[in-house]
Amino acid sequence: MNADMEDENFLIQLRAKLNERKIKLWETPYLTAERKADVEQLAKLAETLGPQMDLPCDRCVKLLQSLQHHALDKLQAMDEYQKTGVATFKVRAPTQTGANRAFDLKVPVSETGSFLCEKIGHRLSVDWRKIKLVCSGTIVDSRRTLKDQKLPNGAIVMALVMAQCEEEAKREFSTFDRVHKIRADAEMLINENDSAKFLSLEDQAGNAIFLPTNEKKALLMALTLYEKGKAALKEGNFEEALLLFLEADHDFRTCNSQLLGVVDNYALLNLDIVWCYLCLKNLNQLPDAEQRLQLCEQKFRQSYGENMKRVTAIKGDQSSEKTLLVRLHLLKAILFFHQNKRDDARTMFRVVDTELLTLRIDDGCLTRLMECGFSLKESRIALRACSNNVEAAIEYIQNHRQTLEANERRSDRERALYERIGHEVFGSDEQQRLKLEHVDQLIEMGYQEELAAVALKRSNNDINEALNELQNNLPDLQRALLQSIVADDQLQQQLVALGFPEEVAKVALKTTANNYDRAMEFLLTNISTDKEYSELLRQSLEVVDRSVPKRQKTTSTEVASTSDSAEASSSKKSPVDSGSCKREEKRRKKEMLDILFKSFSKDMDTSSDAHLDLALTEETELLEQYKKLLGME
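Okay, so let's go over this structure. (Residues numbered from 1 in each chain as written. Predicted model: local features only at pLDDT ≥ 70, side-chain atom pairs only at ≥ 80, totals over all residues. Heavy atoms only, no water.)

By secondary structure assignment, the location of D288 is in helix α10 (residues 288–304). Reaching out from D288, the side chain makes a polar contact with the side chain of Y277 at a distance of 3.1 Å. (Helix = DSSP H or I, 4+ residues; strand = E, 2+ residues; numbered from the N terminus. Polar contact = N/O pair within 3.5 Å; in protein donor to acceptor, adjacent residues only side chain to side chain.)

So this is what it looks like as structure tokens:
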């Protein structure tokens, strides 16, 4: 067993026993008049307390001296702070091995976070600009003063720095640089993909969730940083993971949507933050761990229901979500241990022991499933759901795949339909999510999907009123559809290449919601052999022309009247050339974003059940370590 963990265990118990007896090691008789330790008195105290903890007397004396030295330093620091305003911060700098470099640092609270970084960097022989400071679960702002950020005297500050090994030094970016690059890349992707195609939010059944526009970007940023943090955590890069998690936490807190109380993303983030604290040996040093676990438990209850009832109702089983509860209960038990709530810790460790037993996976069954071609993740989840029954697990996987595919098709269809008809879901109180089952009913009656959707949008999802609109106000609905749909540039050019005028090709695509085959049929139906336009096509052209803002229209007369000016000379390019340039620019931009997205997302697993696939080996090891400390073997 780790000697540091043993010492921590005894120190926790010693503090509790000293507090029970109201013993103050910084006062007489344990301190001489010269303010030095009275070893004889400490030895007598050790003879009393040591046997109660099966702790040898000499070792007990050393631990008592350690506690006494800590108390004296604390008193001295408090006195200095009151007189001079110079605070003493307890700095913990986790290393790659999980150990902590610990030291105290004195800094005036009037100084900024960057000044504290400089001091820590000098002490650690590290470039201070590569350091991120975390205190009480928030990242210290380098530009604001420590006083403004309410960093108290005696605060524990975690300094996250790049590991100084040769292999790490060869990396292109330090932890600090990588986190900032990740945020910058995420901002670019989100700003250029406002429809959020590259990262979507789903409920527990896999259905798309739509948010108000003003919250969408903040939530997407939070989710993106969280996914990148999980990738870093999976690689064992705990410093980078924690920084990304805390950045995500900041963005989550800017979202006001009540949906945050329904989806489990924010609960999982808090769970992962505390897990990082544990991996960095800082669980007992950061005071917000308990608060985060309480918030996580509360969110789980909201999301999964009491006793997992909501999960069971939606999915039919609850074993996958129980893996998350194992980690939550384990962290609670460890926190109880460090708070010296030993009875509570023992009770919770027993709960974890039982949960791990019920979620244990048979290696033979796992091998059989993987030999059938199933992935490790889905095999593990299925075996837990089916109590290691291989046949039932295969059926579970197949059903799960079918459900996901059906929900994905539905979500893709819904997003595409909203985009085609220009429907912003939850953008205001008047605009609501359309009921696809009503759309399907209207399609069965022979109406075009987009027209049915526009009718439902107008009727606030009342199918009878929508049907009335389709029967009595069809021309008006068609005009509304023409004004909202944006013609696909690529399809439009294909029709132009076949000899159709650009405006006519645009109308055909808008009328048919960018369906190429239907657009061709529309054009052939509404243009006679002698190139005469039908009444429907002429009216559609007028509607589209009226829907274009005046500033976008450029008539031949306007061009001619300004032909002598320098500005007009640059616009003499033919409309086709101008359109080609725009399309080429758009294509290059899309290619750049595609490359960025592929690079950005290569290590991200955004599948709906990725967070449920825990091997639980680390949890089992930690459980055994703490059971030994508590004598539970």
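There is more to say, and it comes next.
So, on to the pairing of strand β1 (residues 86–94). With nine of nine residues buried, β1 is to be regarded as a mostly interior element. In β1, alternate side chains face the same way, and those of V86, T88, K90, R92 and P94 on one face and A87, F89, V91 and A93 on the other are all buried. For β1 and strand β5 (residues 156–160), the ladder comprises three bridges, and the chain directions are parallel. Residue pairing in the sheet places K90 in a bridge with I156 of β5. (Buried < 20%, exposed > 50% of the residue type's maximum accessible area, 1.4 Å probe, protein only. Pairing = 2+ DSSP bridges.)

Looking now at the nonpolar core. One finds L242, F300, F349 and Y626 to be the most contacted residues of the largest nonpolar core, which totals 78 residues. Considering each element in turn, this core owes the most residues, twelve residues, to helix α9 (residues 265–279). By size, the runner-up hydrophobic cluster in this structure holds 23 residues, among which are V109, L116, A155 and V157. (Core = buried A, V, L, I, M, F, W, Y, C linked by side-chain atoms within 4.5 Å.)

With that settled, the discussion passes to the side chain of K627. Tracing the sequence through the fold places K627 in helix α28 (residues 617–629). When residues no more than four places from it in sequence are discounted, the contact partners of K627 are D353, M632 and E633. (Contact = heavy atoms within 4.5 Å.)

What follows covers helix α3 (residues 57–84). Taking 1.5 Å per residue as the helical rise, α3 with its 28 residues ought to reach 40 Å, and the 40 Å between its terminal C-alpha atoms agrees with that figure. By the burial criterion, the buried members of α3 are C60, V61, L63, L64, L67, Q68, A71, L72 and A77. Just beyond α3, the residue with positive phi is G85, at close to 80 degrees. (Expected span 1.5 Å × (residues − 1).)

Moving on to the packing of helix α1 (residues 3–20) against α3. One can describe the packing of α1 onto α3 by two numbers: an axis separation of 10 Å at closest approach and a directional angle of 70 degrees. By the angle between their directions, the pair α1 and α3 is classed as roughly perpendicular. On α3, the residues that touch A3, E6, D7, F10, L11, L14, R15 and L18 of α1 are R59, C60, L63, L64 and L67. The residue inventory of the contact of α1 with α3, partitioned by class, reads nine nonpolar, no polar and four charged. (Axes fitted to C-alpha atoms, helices over the stretch in contact; angles between N-to-C directions. Parallel < 35°, antiparallel > 145°, perpendicular 65-115°, else oblique. Nonpolar A, V, L, I, M, F, W, Y, C, P; charged D, E, K, R; others polar.)

A full pass over the atoms with the stated rule returns 28 salt bridges. Note that E80 is salt-bridged to K106, the shortest N-O span being 2.9 Å. Of this pair, E80 sits in helix α3 while K106 sits in strand β2 (residues 100–108), and the two are 26 residues apart along the sequence. A salt bridge links E624 to K627; the nearest nitrogen and oxygen atoms lie 3.8 Å apart. Pair noted here: E624 and K627 are both in helix α28, with a separation of three residues, about one helical turn. One salt-bridge network, in which partners are shared between bridges, spans D249, R253, D288 and R292. (Salt bridge = Lys/Arg side-chain N within 4 Å of Asp/Glu carboxyl O.)

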